[in-house]
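Per-entry structural report
Spelled out, the chains give:
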Amino acid sequence: MGPKFTAIEILQPLWHIGVLAFVVALIATPIVRAIAYKAKIVDRPDDLLKPHARPIAYMGGVAICIGMLVGLGYYAITMPNRSEALAYATGSLSEQQVGTLLDGSFWRLIAIAIATTVIMLVGLIDDIRNISPGKKVLGQVLASGILIMGGVGTRMANTFLQPVGIHAGDWIVIPASCIICVFVVVCACNAVNL
């Protein structure tokens, strides 16, 4: 059984959101760079691992995070089923049903925004204070946990597991979603950082 939708079918109606996030990050980058230089949050050259000739500004993740958050916010405002998603979220809140609230599309967007912000803050703290690798990974695992609570981990696992015959209702999906989400987030963060 092949995928339900192709990448083109999924991304085609949303391409403008990616462009918006990219443009905002592009505009934010020189502003954040100027702030980093002014605050002296820079990577200084050394004789071992940093062969660049002059100090290089840190905080690039802040600009990327700003672009991502603007893109998520724009999508939340313009999503096709916004009124139903908002009614679902407010109904869940008014009835104090946290379980149903966590299943809604607005919560998924909020979870992605919070996880993105956590990862950015971990990177920013590392830029300013140079935290240990273990603490960085702990922050990335925390962001993964937020994505798992937002249902993003399960959707991610289904993408990997459906082609091998494991479906959404199978018992393996929940533990696999945790493992896959943590693995993907930690690997992606460290690949970008390197």
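Going by the structure above, here's the rest.
If you're wondering where the values come from, they're calculated on a predicted model, not measured in any experiment. (Residues numbered from 1 in each chain as written. Predicted model: local features only at pLDDT ≥ 70, side-chain atom pairs only at ≥ 80, totals over all residues. Heavy atoms only, no water.)

Right, let's talk about the side chain of Ser177 for a bit. Looking at the element boundaries, Ser177 is found in helix α9 (residues 173-193). Look at Ser177 and you get buried, because its relative accessible area is 1%. The contacts of Ser177, once residues within four sequence positions are left out, are Ile148, Gly153, Thr154 and Ala157. (Helix = DSSP H or I, 4+ residues; strand = E, 2+ residues; numbered from the N terminus. Buried < 20%, exposed > 50% of the residue type's maximum accessible area, 1.4 Å probe, protein only. Contact = heavy atoms within 4.5 Å.)

So, on to the environment of Ile64. Along the polypeptide, Ile64 turns up in helix α3 (residues 60-78). The class for Ile64 is exposed, based on a relative accessible area of 55%. On a C-alpha basis, the gap between Ile64 and Ala25 in space is 5.1 Å, while along the polypeptide they are 39 residues apart.

Bringing α3 into the picture now. The terminal C-alpha atoms of α3 lie 27 Å apart, and with 19 residues this matches the ideal 27 Å at 1.5 Å per residue to within 8%. For α3, the set of buried residues is Val62, Ala63, Cys65, Gly67, Gly71, Leu72 and Ala76. (Expected span 1.5 Å × (residues − 1).)

The subject of this paragraph is a nonpolar patch on the surface. Together, Trp15, Val19, Phe22, Val23, Leu26, Ile27, Ile31 and Ile35 give the surface a local cluster of nonpolar side chains, amounting to about 820 Å² of exposed area. Tracing the sequence through the fold places Phe22 in helix α2 (residues 15-38). Exposure remark for Phe22: the relative accessible area of 54% places this residue in the exposed category. (Patch = residues over 30% accessible without salt bridge, like charges linked within 9 Å, V, L, I, M, F, W, Y side chains within 5 Å. Areas by Shrake-Rupley, 256 points an atom, 1.4 Å probe, with all protein chains shown as cover. Salt bridge = Lys/Arg side-chain N within 4 Å of Asp/Glu carboxyl O.)

Here we come to the side chain of Gln140. Along the chain, the position of Gln140 falls in helix α7 (residues 133-149). Here the side chain of Gln140 touches Asn190 through a polar contact of 3.1 Å, side chain to side chain. In contact with Gln140, other than residues within four places in its own chain, are Val185, Val186, Cys189 and Asn190. (Polar contact = N/O pair within 3.5 Å; in protein donor to acceptor, adjacent residues only side chain to side chain.)

Its place among the elements puts Ile119 in helix α6 (residues 105-129). Among the residues examined, Ile119 registers a relative accessible area of 28% and is labelled partly exposed. A sequence separation of 58 residues divides Ile119 from Gly61, and the C-alpha atoms of the two residues are 8.7 Å apart. In this view, Ile119 contacts Ala143, Val185 and Cys189; residues no more than four positions away in its chain are not counted.

Close contact between α2 and α3 brings their axes to 7 Å; oriented N to C, the two are set at 145°. In this structure, α2 meets α3 at a crossing whose hand is right-handed. When α2 is examined against α3, the residues His16, Ile17, Leu20, Ala21, Val24, Ala25, Ala28, Thr29 and Val32 are found in contact with a partner set consisting of Val62, Ala63, Ile64, Ile66, Gly67, Met68, Val70, Gly71, Tyr74 and Tyr75. The residue inventory of the contact of α2 with α3, partitioned by class, reads 15 nonpolar, four polar and no charged. (Axes fitted to C-alpha atoms, helices over the stretch in contact; angles between N-to-C directions. Left-handed = near helix turned anticlockwise from the far one by under 90°. Nonpolar A, V, L, I, M, F, W, Y, C, P; charged D, E, K, R; others polar.)

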